[in-house]
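Read off the chains here:
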Amino acid sequence: MTTTINDWLETAAERRRVFTADIHRPRYHFLPPDGWTNDPNGVIQWKGEYHLFYQHNPHGPFWGTIHWGHAVSRDLIHWEDRPIALTPSFDGPDKDGCFSGCAVDDNGTPTLVYTGVADDRQTQCLAMSRDKLLTWEKYQGNPVLATPPEDVRPLDFRDPWVWREGDTWYMVLASGQLSGGGVALLYRSSDLRNWNPLPHLLTGEVEMTGEVWECPNFFPLGDKHVLIISVWPRHSVHFFVGTFADERFVPESHGVLDPDGSLFAPLTLNDDKGRQLLWGWIDEQRSREVQQSAGWAGVMSLPRELSLDKSSVHTAFVPELQKLRRAHTRLNDLNIAEAVDVEGVKGSAFELRLALVRGSASRSGLILARSPSGEEETQIYADWEKGELVIDRTHSSLLSGVEQGIQSGTLPSAERLYLHLYLDGSVLELIADEQLTLSTRIYPSRNDSVGIRLFSSGGVSGPTTLEVWELASIWF
Ligand code: DQQ
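Residues numbered from 1 in each chain as written. Predicted model: local features only at pLDDT ≥ 70, side-chain atom pairs only at ≥ 80, totals over all residues. Heavy atoms only, no water.

1. A short note on the overall build of the protein
Check the secondary structure of the protein and you find three helices and 34 strands. Relative to a compact globule of 476 residues, whose C-alpha radius of gyration would be 23 Å, the protein shows 22 Å and is just as compact. Residue burial in the protein is summarised as follows: out of 476 residues, 60% are buried. Contacts in the protein between residues at least 24 apart in sequence constitute 58% of all its contacts with a sequence separation of at least 6. Of the side-chain charges in the protein, 42 are positive and 65 negative, and the distance between the mean point of each set is 3 Å. (Helix = DSSP H or I, 4+ residues; strand = E, 2+ residues; numbered from the N terminus. Rg over C-alpha atoms; globule rule 2.2 N^0.38 Å. Buried < 20%, exposed > 50% of the residue type's maximum accessible area, 1.4 Å probe, protein only. Contact = heavy atoms within 4.5 Å. Lys, Arg positive; Asp, Glu negative; His and termini not counted. Charge placed at Lys NZ, Arg CZ, Asp CG, Glu CD.)

Given below as structure tokens:
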């Protein structure tokens, strides 16, 4: 078995090396060696190691023939590939795809709970590992839950989220109500194999949270419970904070994660440090043709830690990421009257922290991935008058077939901005004041689109502190 794994690792490394010169491919985010990925699946800690599974098409960089890929990490940052965990079984209840789900510890047996798709029917299936999560055997009695309730859309019945309380297993599934609006379904079991329905955990209204929900997460955070759902087809992520008692969830507040952003279908894990960690799928923002010629598509977000501030979910990048820091630049007490080049810092794989006071400016912020004469650049700024944090990709790329829109979210403060940002090739993730997260993709065409600037307009912003660290690759 050891030889097999080593062979696999070598092959995976070779497949990764093919992309060494691809300036859009991330260097310190996790993504499969090649092909397609979408949702994170089954994140679990086992004997101290983090296991990340993910929706994967090994046959090409497009959604289809959905498998579960697998990777392992000891430190949350460096990942080692593992062989594919789940492959659709010819003639099985998952013959058309192994859709999203979770991983649980069933009295010492690692167990995946996932949605099998066959002829458009979605049912819930199990797979177990007897060799430390390396290979997976599907349960002979699959599917373990086959029939959706009568009041939901019969072809949307997926993405199990499972946890245990005492001797009882609970499962939340996502669907849409026939009467309109998403729904989180709740089930109970004593053995993971026989499931009984309970009253729906939560229903939504179409206008607010769309028609169909996907990928539910339900977990305690602080003294509350949080339900996270992803909305299809609008691709937005919502959270509800409330109380859970006597198998009933009463939401008290609602918010959006990554408004307008590329992050979707997040999955969380409560790790052995007691942290609720979150990974999401960051999708491509370029045409299928361009994805096809790139040879890869989709990437996992960096891990983030969730916390609760009153009734709001806050997010922060995990401190383990600091391991990747290399060359460091710090600029203190700057007053920014117009555009200022940040000398000596260049690149497309860095971490940046910006603390900025509004002053008299109407807009202030950063320009990244800028070519020397500004043909390509991405602006990230506080529009103080509108109260928005904006990512403007209008001039991010001279290429065709890539999205170039403007994304924005509500500024947490009217007077100051504290920005924590990671750029990694085409992946841009930022968190403002732990409250607003925005994730997006940029695809500059030029190798020299690597400049950084600070700017303000309509007045002077300051004092400003900027710190930038070049970051190491996690692969070679
Ligand atoms: N992706 C999976 C589904 C899930 C959707 C299929 C969310 O299980 O609902 O690839 O992106």
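2. Focus: the environment of Leu-354
Position of Leu-354 among the secondary structure elements: in strand β25 (residues 349-357). According to the relative accessible area criterion, Leu-354 is buried, its value standing at 0%. Considering only alpha carbons, one finds Leu-354 and Leu-454, 100 residues apart in sequence, at a separation of 9.8 Å.

3. Digging into the sheet that holds strand β3 (residues 67-73)
Read from one edge of the open sheet, five strands run β4-β3-β2-β1-β19, paired in mixed fashion. Single-partner strands in this sheet number two, and they are β4 (80-86) and β19 (296-297). In terms of strand pairing, strand β2 (residues 49-57) meets β3 through seven bridges, oriented antiparallel. Directly across from Phe-53, in β3, lies its bridge partner His-70. (Pairing = 2+ DSSP bridges.)

4. Examining the sheet that holds strand β10 (residues 168-176)
Taken in spatial order, the four strands line up as β9-β10-β11-β12 in an open sheet, and their pairing is antiparallel. Either end of the sheet is taken by a strand with one partner, and the two such strands are β9 (158-165) and β12 (196-203). This sheet shows a mean twist of 25 degrees between the axes of neighbouring strands, independent of strand direction. Where strand β11 (residues 182-189) and β12 come together, five bridges link them in antiparallel fashion. (Axes fitted to C-alpha atoms, helices over the stretch in contact; angles between N-to-C directions.)

5. Overview of the pattern of salt bridges
Scanning all chains against the criterion turns up 30 salt bridges. We note a salt bridge from Glu-375 to Arg-446, for which the minimum N-O separation is 3.4 Å. With Glu-375 in the loop between β26 (363-370) and β27 (378-383) and Arg-446 in the loop between β32 (436-441) and β33 (451-457), this pair connects stretches of sequence that are 71 residues apart. A relative accessible area of 28% means that Arg-446 is categorised as partly exposed. Here the salt bridges do not stand alone but share partners, grouping Arg-153, Asp-156, Arg-158, Asp-159 and Glu-214 into one network. (Salt bridge = Lys/Arg side-chain N within 4 Å of Asp/Glu carboxyl O.)

6. Focus on unusual backbone geometry
In the segment running from Asn-142 into Pro-143, the intervening peptide bond is cis, with an omega of 0 degrees. Along the chain, the position of Pro-143 falls in the loop between β8 (137-138) and β9. With phi around 60 degrees, Lys-132 is a residue other than glycine that occupies positive phi space. The topology assignment puts Lys-132 in the loop between β7 (121-128) and β8.

7. Describing the site of the ligand
As a structural note, the neighbourhood of the ligand is formed by Asn-38, Asp-39, Gln-55, Trp-63, Phe-99, Ser-100, Arg-158, Asp-159, Glu-214, Cys-215, Phe-264 and Trp-281. Take Asp-159: an N or O atom from its side chain is 2.5 Å from an oxygen atom of the ligand. Between the ligand and Glu-214 there is a distance of 3.0 Å, counted from an oxygen atom to a side-chain nitrogen or oxygen. Considered on its own, the ligand offers 310 Å² of accessible surface; in the complex 94% of this is hidden by protein. (Near = heavy atom within 4 Å. Polar contact = N/O pair within 3.5 Å; in protein donor to acceptor, adjacent residues only side chain to side chain. Areas by Shrake-Rupley, 256 points an atom, 1.4 Å probe, with all protein chains shown as cover.)

8. Structural notes on the side chain of Arg-286
Looking at the element boundaries, Arg-286 is found in the loop between β18 (276-282) and α3 (288-294). Arg-286 gets classed as buried once you look at its relative accessible area, which sits at 9%. Separated by 3.2 Å, the side chains of Arg-286 and Glu-284 make a polar contact. Not counting residues within four places of it along the chain, the set of residues in contact with Arg-286 comprises His-24, Gln-291, Ala-294, Trp-296, Gly-401, Val-402 and Tyr-443.

9. Some points on the nonpolar core
Counting 66 residues, the largest nonpolar core has Trp-79, Leu-201, Trp-213, Phe-218 and Leu-227 as its most contacted members. Ala-382, Ile-391, Leu-411 and Leu-421 belong to the second-largest nonpolar core, a separate cluster that totals 30 residues. (Core = buried A, V, L, I, M, F, W, Y, C linked by side-chain atoms within 4.5 Å.)

10. A closer look at the environment of Ala-355
With respect to the helices and strands, Ala-355 occurs in strand β25. Take Ala-355: its relative accessible area is 28%, and that puts it in the partly exposed class. Once the C-alpha coordinates of Ala-355 and His-78 are considered, the two residues, 277 residues apart in sequence, prove to be 29 Å apart. Not counting residues up to four positions away in its chain, the partners in contact with Ala-355 are Leu-417, Tyr-418, Pro-463, Thr-464 and Thr-465.

11. A few points about the environment of Gly-97
As for its position among the elements, Gly-97 is in strand β5 (residues 97-106). Other than its neighbours up to four places away in sequence, Gly-97 contacts Ile-66, Pro-88, Thr-115, Gly-116 and Val-117.

12. Focus: the packing of aromatic side chains
Enumeration according to the criterion identifies 19 aromatic pairs in this entry. Their ring planes at 70 degrees and their centres at 5.7 Å tell us that Trp-63 and Phe-99 sit as a pair that is edge-to-face. In this pair, Trp-63 sits in the loop between β2 and β3 while Phe-99 sits in strand β5, placing the two residues 36 residues apart along the sequence. The exposure class of Phe-99 is buried, given its relative accessible area of 13%. Judged by centre distance (6.1 Å) and plane angle (65 degrees), the ring pair of Trp-68 and Tyr-114 falls under edge-to-face. (Phe/Tyr/Trp six-rings, centres within 6.5 Å; stacked < 30°, edge-to-face > 60°.)

13. Remarks on the side chain of Ser-449
Along the chain, the position of Ser-449 falls in the loop between β32 and β33. Polar contacts involving the side chain of Ser-449 include one to the side chain of Glu-376, which spans 2.6 Å.

14. Thoughts on the pairing of β32
By the criterion of burial, β32 is predominantly enclosed, with six of the six residues buried. Where strand β31 (residues 427-432) meets β32, six bridges bridge the pair, whose relative direction is antiparallel. Looking across to β32, one finds that Glu-429 is bridged to Ser-439. Connecting β31 to the antiparallel partner β32 that follows it, the hairpin turn spans three residues, and Asp-433 within it adopts a positive phi of roughly 50 degrees.

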